[in-house]
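Reading the structure
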Amino acid sequence: MTQIYLYGVEATYAGGCDFEWQAPTVGGRHKVILFLAQDDETSREDRATSELARFGFVELHVGAGRPIEVESLNDPRMHVFKKHYEGALVEGCSLVWYP
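Model, not experiment: these values are computed from the prediction.

**A closer look at the pattern of salt bridges**
Within this structure, the stated rule accounts for 7 salt bridges. Between Asp 40 and Arg 44 there is a salt bridge, and its shortest N-O distance comes to 3.3 Å. Its relative accessible area of 26% is what places Asp 40 among the partly exposed residues. Judged by relative accessible area, Arg 44 falls into the partly exposed class, the value being 25%. Ionic pairing is found between Asp 46 and Arg 44, a salt bridge with its closest N-O pair at 3.2 Å. Here the residues in one salt-bridge network are Glu 10, Arg 29, Lys 31 and Glu 59, joined through shared partners.

**Observations regarding helix α1 (residues 45-54)**
Among the residues of α1, those classed as buried are Ala 48, Glu 51 and Leu 52. In a view along the axis of α1, the buried residues occupy a sector of 100°, so they form one face of it. Turning to α1, the residues buried within the fold contact β1 (3-13), β2 (29-38), β3 (57-62) and β5 (93-98). A positive backbone phi angle near 100° is found at Gly 56, which sits one or two residues after α1.

**Quick word on the nonpolar core**
In this structure, Tyr 7, Leu 34, Leu 52, Phe 57 and Leu 95 are the most contacted members of the largest nonpolar core, which totals 14 residues. If you list the elements that add at least two residues to this core, you get β1, β2, α1 and β5. Counting residues per element, this core draws most heavily on β1, at 5 residues. Filtering out sequence-adjacent residues up to four positions away, Leu 34 remains in contact with Tyr 5, Leu 6, Tyr 7, Ala 48, Glu 51, Leu 52, Cys 93, Ser 94 and Leu 95.

Calculation notes
- Residues numbered from 1 in each chain as written.
- Predicted model: local features only at pLDDT ≥ 70, side-chain atom pairs only at ≥ 80, totals over all residues.
- Heavy atoms only, no water.
- Salt bridge = Lys/Arg side-chain N within 4 Å of Asp/Glu carboxyl O.
- Buried < 20%, exposed > 50% of the residue type's maximum accessible area, 1.4 Å probe, protein only.
- Helix = DSSP H or I, 4+ residues; strand = E, 2+ residues; numbered from the N terminus.
- Arc of directions from axis to C-beta.
- Contact = heavy atoms within 4.5 Å.
- Core = buried A, V, L, I, M, F, W, Y, C linked by side-chain atoms within 4.5 Å.

Structure follows, in structure tokens:
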């Protein structure tokens, strides 16, 4: 069964990804939340690191992943993350970066 795990990350955006997205400025250091679809029930920092590299992030400090309870998205404060949860289910991952 596929679950979505959340990884808290601090990373530098270096650019150079293979797709277009609303990326931060090159060279900026950011906090990131990675939503990662997983079939196993263990934290997979190695997979999280690979996905973040695809987005152009380097100098990564990746925290242990934890599953998100889908019911938590019903909380109005969590509504903004619903699209990232759904994106991870469809695309395999989604991320949020903070300035």
